Amino acid sequence: MIPLTEKTVRASFVNASRREAADLTLPPDFADLDWTDLEYLGWRDPRLARRAYVVVPTLDADGEPGPAVAGVVLRQAEASPRQRAQCTWCQDVRLPADVLFYGAKRAGAAGRNGDTVGTLVCGGFECSANVHVLPPEAYLGFDAEAARLERIASLRARAAGFVENVRRAS
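As the structure is a computational prediction, the values presented were derived from the model and not from experiment.

The next thing to look at is the pairing of strand 3 (residues 65-76). In terms of strand pairing, strand 2 (residues 51-59) meets strand 3 through 8 bridges, oriented antiparallel. Bridge pairing links Ala 52 to Leu 74 in strand 3. Between strand 2 and strand 3, which pair antiparallel and follow one another directly, the connecting turn spans 5 residues, one of which, Gly 63, has a positive phi of 80 degrees. Pairing geometry for strand 3 and strand 4 (residues 99-105), over 2 bridges, is antiparallel. Bridging from a neighbouring strand, Gln 76 pairs with Tyr 102 of strand 4.

Okay, here's the thing in C-alpha coordinates:
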(Lines give C-alpha, C1' and ligand atoms only; values in the text may rest on other atoms or scores of the structure.)
Protein backbone atom coordinates (compact mmCIF):
# COMPACT_ATOMS: atom_id res chain seq x y z
CA MET A 1 0.00 0.00 0.00
CA ILE A 2 1.25 3.49 -0.73
CA PRO A 3 1.99 5.66 2.33
CA LEU A 4 -0.93 7.91 3.23
CA THR A 5 -1.12 11.26 4.95
CA GLU A 6 -3.69 12.20 7.56
CA LYS A 7 -5.28 14.58 5.05
CA THR A 8 -5.58 11.82 2.42
CA VAL A 9 -7.13 9.41 4.92
CA ARG A 10 -9.73 11.93 6.11
CA ALA A 11 -10.63 12.92 2.53
CA SER A 12 -11.04 9.29 1.38
CA PHE A 13 -14.25 8.36 3.22
CA VAL A 14 -17.14 7.63 0.87
CA ASN A 15 -19.85 7.07 3.49
CA ALA A 16 -19.05 9.77 6.04
CA SER A 17 -19.85 13.43 6.30
CA ARG A 18 -17.02 15.95 6.35
CA ARG A 19 -17.63 16.41 10.06
CA GLU A 20 -17.45 12.65 10.75
CA ALA A 21 -14.21 12.41 8.75
CA ALA A 22 -12.72 15.39 10.58
CA ASP A 23 -13.67 13.92 13.98
CA LEU A 24 -12.34 10.39 13.45
CA THR A 25 -9.42 9.23 15.57
CA LEU A 26 -6.47 7.92 13.56
CA PRO A 27 -4.67 4.78 14.77
CA PRO A 28 -2.20 5.59 17.55
CA ASP A 29 0.71 4.20 15.51
CA PHE A 30 -0.26 6.00 12.28
CA ALA A 31 3.06 7.85 11.96
CA ASP A 32 5.04 4.60 12.37
CA LEU A 33 3.08 2.27 10.07
CA ASP A 34 5.03 0.00 7.72
CA TRP A 35 2.96 0.62 4.59
CA THR A 36 4.77 -2.09 2.61
CA ASP A 37 3.14 -4.81 4.72
CA LEU A 38 -0.43 -3.49 4.41
CA GLU A 39 -3.01 -4.33 1.78
CA TYR A 40 -5.42 -1.89 3.43
CA LEU A 41 -5.48 0.26 6.56
CA GLY A 42 -8.03 -0.82 9.15
CA TRP A 43 -8.49 0.20 12.78
CA ARG A 44 -11.02 0.47 15.57
CA ASP A 45 -11.86 3.86 17.03
CA PRO A 46 -10.51 4.00 20.60
CA ARG A 47 -13.15 6.60 21.57
CA LEU A 48 -16.21 4.82 20.15
CA ALA A 49 -16.44 1.14 21.08
CA ARG A 50 -18.27 -0.20 18.01
CA ARG A 51 -16.86 2.10 15.32
CA ALA A 52 -14.05 1.14 12.96
CA TYR A 53 -12.56 2.40 9.72
CA VAL A 54 -10.93 0.92 6.64
CA VAL A 55 -9.04 2.70 3.88
CA VAL A 56 -8.54 0.55 0.81
CA PRO A 57 -6.57 1.21 -2.39
CA THR A 58 -8.76 1.18 -5.46
CA LEU A 59 -7.71 -1.41 -8.06
CA ASP A 60 -6.76 -0.73 -11.67
CA ALA A 61 -7.96 -2.82 -14.63
CA ASP A 62 -5.25 -5.43 -13.93
CA GLY A 63 -6.32 -5.84 -10.29
CA GLU A 64 -3.28 -3.97 -8.97
CA PRO A 65 -3.60 -1.29 -6.28
CA GLY A 66 -3.58 2.20 -7.72
CA PRO A 67 -2.71 5.55 -6.13
CA ALA A 68 -6.32 6.34 -5.18
CA VAL A 69 -7.87 5.13 -1.93
CA ALA A 70 -11.41 4.94 -0.58
CA GLY A 71 -12.35 4.84 3.09
CA VAL A 72 -15.40 3.37 4.79
CA VAL A 73 -16.80 3.94 8.27
CA LEU A 74 -17.87 0.62 9.82
CA ARG A 75 -20.06 -0.19 12.78
CA GLN A 76 -19.63 -3.47 14.66
CA ALA A 77 -22.83 -5.45 15.13
CA GLU A 78 -24.28 -5.65 18.65
CA ALA A 79 -24.24 -9.45 18.61
CA SER A 80 -21.20 -11.62 17.89
CA PRO A 81 -21.36 -14.65 15.60
CA ARG A 82 -22.50 -17.72 17.56
CA GLN A 83 -19.81 -19.91 16.07
CA ARG A 84 -16.27 -19.07 15.11
CA ALA A 85 -16.62 -17.41 11.71
CA GLN A 86 -14.15 -17.14 8.85
CA CYS A 87 -13.02 -13.70 7.70
CA THR A 88 -14.55 -12.88 4.34
CA TRP A 89 -11.54 -10.81 3.29
CA CYS A 90 -8.45 -12.88 4.18
CA GLN A 91 -10.23 -16.25 4.49
CA ASP A 92 -7.61 -17.37 6.98
CA VAL A 93 -8.44 -20.84 8.25
CA ARG A 94 -6.20 -20.68 11.32
CA LEU A 95 -8.29 -17.86 12.85
CA PRO A 96 -5.64 -16.12 14.97
CA ALA A 97 -8.21 -13.57 16.13
CA ASP A 98 -11.95 -13.17 16.45
CA VAL A 99 -13.96 -12.39 13.34
CA LEU A 100 -16.67 -9.76 13.77
CA PHE A 101 -19.60 -8.60 11.69
CA TYR A 102 -19.28 -5.00 10.55
CA GLY A 103 -21.92 -3.01 8.74
CA ALA A 104 -21.46 0.13 6.69
CA LYS A 105 -24.03 2.56 5.43
CA ARG A 106 -23.93 2.99 1.67
CA ALA A 107 -22.62 6.19 0.16
CA GLY A 108 -24.93 9.01 -0.93
CA ALA A 109 -28.70 9.00 -0.89
CA ALA A 110 -28.89 5.23 -0.37
CA GLY A 111 -26.98 5.54 2.91
CA ARG A 112 -29.06 8.49 4.05
CA ASN A 113 -32.13 6.30 3.42
CA GLY A 114 -30.72 3.58 5.68
CA ASP A 115 -29.24 1.15 3.13
CA THR A 116 -26.30 -0.79 4.53
CA VAL A 117 -23.95 -3.60 3.57
CA GLY A 118 -22.07 -5.91 5.90
CA THR A 119 -19.10 -8.21 6.04
CA LEU A 120 -17.27 -10.56 8.40
CA VAL A 121 -13.73 -9.26 9.03
CA CYS A 122 -10.92 -10.00 11.47
CA GLY A 123 -11.81 -7.97 14.57
CA GLY A 124 -8.45 -6.20 14.74
CA PHE A 125 -8.03 -6.00 10.94
CA GLU A 126 -5.13 -8.48 10.93
CA CYS A 127 -5.89 -9.63 7.37
CA SER A 128 -2.69 -8.24 5.84
CA ALA A 129 -0.56 -10.05 8.41
CA ASN A 130 -2.54 -13.26 7.86
CA VAL A 131 -2.09 -13.37 4.08
CA HIS A 132 1.63 -12.53 4.21
CA VAL A 133 2.40 -15.72 6.17
CA LEU A 134 3.48 -18.62 3.98
CA PRO A 135 0.76 -21.28 4.00
CA PRO A 136 1.64 -24.82 5.06
CA GLU A 137 2.66 -27.19 2.30
CA ALA A 138 -0.54 -28.82 1.07
CA TYR A 139 1.04 -31.50 -1.11
CA LEU A 140 4.37 -32.51 -2.62
CA GLY A 141 5.50 -29.77 -5.01
CA PHE A 142 3.14 -27.17 -3.53
CA ASP A 143 4.31 -23.64 -4.38
CA ALA A 144 3.79 -21.84 -1.06
CA GLU A 145 5.06 -18.50 -2.40
CA ALA A 146 2.59 -18.57 -5.31
CA ALA A 147 -0.21 -19.43 -2.88
CA ARG A 148 0.82 -16.52 -0.62
CA LEU A 149 0.81 -14.10 -3.56
CA GLU A 150 -2.63 -15.37 -4.58
CA ARG A 151 -3.93 -14.81 -1.04
CA ILE A 152 -2.57 -11.25 -1.10
CA ALA A 153 -4.23 -10.53 -4.46
CA SER A 154 -7.51 -12.07 -3.25
CA LEU A 155 -7.48 -9.92 -0.10
CA ARG A 156 -6.96 -6.80 -2.20
CA ALA A 157 -9.82 -7.75 -4.49
CA ARG A 158 -12.25 -8.62 -1.68
CA ALA A 159 -11.52 -5.47 0.33
CA ALA A 160 -11.79 -3.26 -2.78
CA GLY A 161 -15.00 -5.09 -3.76
CA PHE A 162 -16.56 -4.36 -0.39
CA VAL A 163 -15.69 -0.67 -0.66
CA GLU A 164 -17.10 -0.57 -4.20
CA ASN A 165 -20.29 -2.17 -2.88
CA VAL A 166 -20.55 0.61 -0.28
CA ARG A 167 -20.05 3.21 -3.02
CA ARG A 168 -22.81 1.82 -5.24
CA ALA A 169 -26.18 3.50 -4.89
CA SER A 170 -28.08 0.20 -4.85
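Having seen the model, we can carry on.
Looking now at empty space enclosed by the protein. Under the criterion given, the structure shown has 1 cavity of 30 Å³ or more. Looking at the largest cavity, its volume works out to about 30 Å³. Glu 39, Val 56, Pro 57, Leu 59, Pro 65 and Arg 156 are the residues that line the largest cavity. In terms of residue count, strand 2 provides more of the lining of the largest cavity than any other element does, 3 residues in total. Looking at the lining of the largest cavity residue by residue, the class counts come to 4 nonpolar, no polar and 2 charged.

Calculation criteria
Residues numbered from 1 in each chain as written. Predicted model: local features only at pLDDT ≥ 70, side-chain atom pairs only at ≥ 80, totals over all residues. Heavy atoms only, no water. Pairing = 2+ DSSP bridges. Helix = DSSP H or I, 4+ residues; strand = E, 2+ residues; numbered from the N terminus. 1 Å grid on protein atoms, 1.4 Å probe; cavity = no way out; pocket = protein on both sides within 12 Å on 5 of 7 lines; lining within 4 Å. Points joined across faces, edges and corners; volume = space filled by probe spheres on them. Nonpolar A, V, L, I, M, F, W, Y, C, P; charged D, E, K, R; others polar.

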